[in-house]
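Descriptive analysis of the structure
The residues making up each chain are set out below.
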Amino acid sequence: MPVVHLNFKPLQDLLLKKSEANLLLAGLELKIFTNLATYHSAEEIAEKLHLHTENTGHFLNALVACDLTCKCEELFWNSPIANEFLVEGKETYLGDYLLSCDPWYTISPELLCRFLREGPSASESQVEMRSGEFWEMQTRGSINYQRSGMAQIIVDLVSSIPEYENFTKILDLGCGPGLYGIALVLDNPNLQGVLFDQPPVAAVAKRNAEDYGVSDRITVMSGDYLNDPIGEGYDLILASMTLNFALGSFNSMMNKVFDALNPGGVFVAISDGRTHDGTKPADMIIPMLLPALMGQNMAINEDFIANAMLDAGFYKVRSKPVQTPVGEVECTIGKKK
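Attention here is on the structure that accompanies the text.

**Observations concerning the sheet that holds strand β9 (residues 315–324)**
If you trace the seven strands from one edge of the open sheet to the other, you get β6-β5-β4-β7-β8-β10-β9, paired in mixed fashion. Here the strands that pair on one side only, and so sit at the sheet edges, are β6 (218–222) and β9. Between one strand axis and the next, the sheet turns through 15 degrees on average, direction left out of account. Where strand β4 (residues 169–173) and strand β7 (residues 234–240) come together, four bridges link them in parallel fashion.

What follows is the structure in structure tokens.
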């Protein structure tokens, strides 16, 4: 018999993670968590959702094993994290967002093999990533993502900048649903905000500004920020997880940002901050694998933005890691003289 020096449990755990993810996704599809906002037995859930009674009990037990639900005697209910993020109707409901993430996180072994054998041509049947319909759908799905902690992280980050209290005009560049800019305007009564993104996305951001009652303090601009004017006279420009799309013309984009800022203005850029060897952080590498295999490698390496800021004329440039619910990202801050 071989002498074994390692434990293969980490490999087994990888398969278990896949099964746990599928339990989560199935629970979302079946609206299990929405119905477990209050105590129910397996029989009650099965009857309510027209499911097989015995298998529903097995499934709920598995959710308890994953710490997504709780059980006492014969009653089940959501764990705190499920109750916060998996119950439909809540502003923090992330079910649609998580379902939309699944194709990017869990590429099937069959598709991976196809990409490795055929190259990017294996993506011909995939969704066109740059279509307006695709981006509008993604934007609607990310509304709750931004307000389930991410917007608060942005506010905490930006409000720590010494000049924050004196800012009067900010730009949320590549804003998506716009809740980062909206959250900053709500936090600082001195601010007027501009939300900028491509037309289908900007339409979603405009509705959100209306819903939050800040339309009088927020302007929504639409276009291609690489080629169209982005405005001027800003005290702060925020670009969160969007500069990946500027990699083909990064220097000109950085100069455009620099020119759009007032003297003393601040640029805050948040990116994946991939290590130079392309292996970490895993939270960023794995979700970006599918676009890379499709021939659309948009990863930004650590210090890339900082160096580009320095080349554009920014000073006091600094980068730091920021922990978020989707993993560690890199935040780079630069100031215009």
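Moving on, there is more to tell.
**Some words on unusual backbone geometry**
Of note, the bond from Lys 280 into Pro 281 is cis; its omega dihedral lies within 30 degrees of zero at -5 degrees. By the element assignment, Pro 281 lies in the loop between β8 (261–271) and α13 (282–285). Phi at Glu 73 takes a positive value of approximately 55 degrees, unusual for a residue other than glycine. With respect to the helices and strands, Glu 73 occurs in the loop between β2 (69–72) and β3 (75–78). The phi angle at Asp 303 is positive, at roughly 70 degrees, despite the residue not being glycine. Along the chain, Asp 303 falls in the loop between α14 (289–293) and α15 (304–312).

**Structural notes on helix α6 (residues 95–105)**
Of the positions making up α6, those classed as buried are Gly 95, Tyr 97, Cys 101 and Trp 104. What you see down the axis of α6 is that its buried residues fit within an arc of 155 degrees, all on one side.

**Describing the side chain of Thr 56**
For Thr 56, the position within the fold is in helix α4 (residues 53–65). Classification of Thr 56 by relative accessible area gives buried; the value is 5%. Within the structure, Thr 56 has its side chain in polar contact with the backbone oxygen of His 52 (distance 2.7 Å). Excluding its chain neighbours within four sequence positions, the residues that come into contact with Thr 56 are Ala 42, Ile 45, Ala 46 and Leu 51.

Cut-offs and rules
- Residues numbered from 1 in each chain as written.
- Predicted model: local features only at pLDDT ≥ 70, side-chain atom pairs only at ≥ 80, totals over all residues.
- Heavy atoms only, no water.
- Pairing = 2+ DSSP bridges.
- Helix = DSSP H or I, 4+ residues; strand = E, 2+ residues; numbered from the N terminus.
- Axes fitted to C-alpha atoms, helices over the stretch in contact; angles between N-to-C directions.
- Buried < 20%, exposed > 50% of the residue type's maximum accessible area, 1.4 Å probe, protein only.
- Arc of directions from axis to C-beta.
- Polar contact = N/O pair within 3.5 Å; in protein donor to acceptor, adjacent residues only side chain to side chain.
- Contact = heavy atoms within 4.5 Å.

Such coordinate-based values are descriptive only and should not be taken to indicate function.
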